[in-house]
Amino acid sequence: MSWTRTDAKNLAASLDRGAADKAEAADSADAFVADLANSPWDRSVAREAALILRSQARDMRADAAAIRDGVSPTELGYTD
């Protein structure tokens, strides 16, 4: 696919929204972890989920920034 500027701009905005959603989910998982009424196992799983979600959010923000800086989405592995 040949990415137009508008396509790339829209993808970057979408990545930013997705990153915000993942960060919000990580915060929710942190709240679950902090609640000692939850089992240690469930809290452990939620802690790991929060780490994964934050990593995904960071990667999405990095891709969005690269696209805004002029890197083609194709170079980052995005296809139509």
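Everything that follows concerns the structure shown earlier in this document.
Caption draft 1: The arrangement of the overall build of the protein in detail. Within the protein, the regular secondary structure consists of 2 helices and 0 strands. Taking 2.2 N^0.38 as the reference for a compact globule, 80 residues should give roughly 12 Å; the C-alpha atoms of the protein span a radius of gyration of 16 Å, well beyond that estimate. Taking the principal axes of the C-alpha coordinates as reference, the protein spans close to 50 × 20 × 15 Å. Every one of the 80 residues in the protein was classed for burial, and the buried ones make up 29%. Within the protein, counting contacts between residues at least 6 apart in sequence, those at least 24 apart form 67% of the total.

Caption draft 2: Structural view of helix α2 (residues 40–68). Given a rise of 1.5 Å per residue, 29 residues ought to cover 42 Å, and the 42 Å separating the end C-alpha atoms of α2 matches this to within 8%. When α2 is considered as a whole, its buried residues turn out to be R43, A46, A50, L53, A57, M60, D63, A64, A66 and I67. Contacts made by the buried residues of α2 are with α1 (5–34). Looking one or two places after α2, you find G70, whose phi comes out positive at around 105 degrees.

Caption draft 3: Seen up close, the nonpolar core. Among the nonpolar cores identified, the biggest contains 10 residues, and these are W3, A8, L11, A12, L15, A19, A57, M60, A64 and I67. Mapped by element, the contributors of at least two residues to this core are α1 and α2. Top element by residues in this core is α1. It accounts for 5 residues. Setting aside its immediate chain neighbours within four residues, I67 contacts A8, L11, A12, L15, P73 and L76. Listed in part, the 6 residues of the second largest apolar core include A26, V33, A50 and L53.

Caption draft 4: How the structure looks around the environment of S44. Position of S44 relative to the elements: it lies in helix α2. On the basis of relative accessibility, which here comes to 29%, the residue S44 falls in the partly exposed class. Between the alpha carbons of S44 and V33 there is a distance of 7.3 Å; along the sequence they are 11 residues apart.

Caption draft 5: Representation of the side chain of N38 in the model. With respect to the helices and strands, N38 occurs in the loop between α1 and α2. A relative accessible area of 19% places N38 in the buried class. Looking at N38, its side chain comes within polar contact range of the main-chain oxygen of F32, at 3.0 Å. The residues contacting N38, other than those within four sequence positions of it, are F32 and R43.

What counts, and where the lines are drawn
Residues numbered from 1 in each chain as written. Predicted model: local features only at pLDDT ≥ 70, side-chain atom pairs only at ≥ 80, totals over all residues. Heavy atoms only, no water. Helix = DSSP H or I, 4+ residues; strand = E, 2+ residues; numbered from the N terminus. Rg over C-alpha atoms; globule rule 2.2 N^0.38 Å. Buried < 20%, exposed > 50% of the residue type's maximum accessible area, 1.4 Å probe, protein only. Contact = heavy atoms within 4.5 Å. Expected span 1.5 Å × (residues − 1). Core = buried A, V, L, I, M, F, W, Y, C linked by side-chain atoms within 4.5 Å. Polar contact = N/O pair within 3.5 Å; in protein donor to acceptor, adjacent residues only side chain to side chain.

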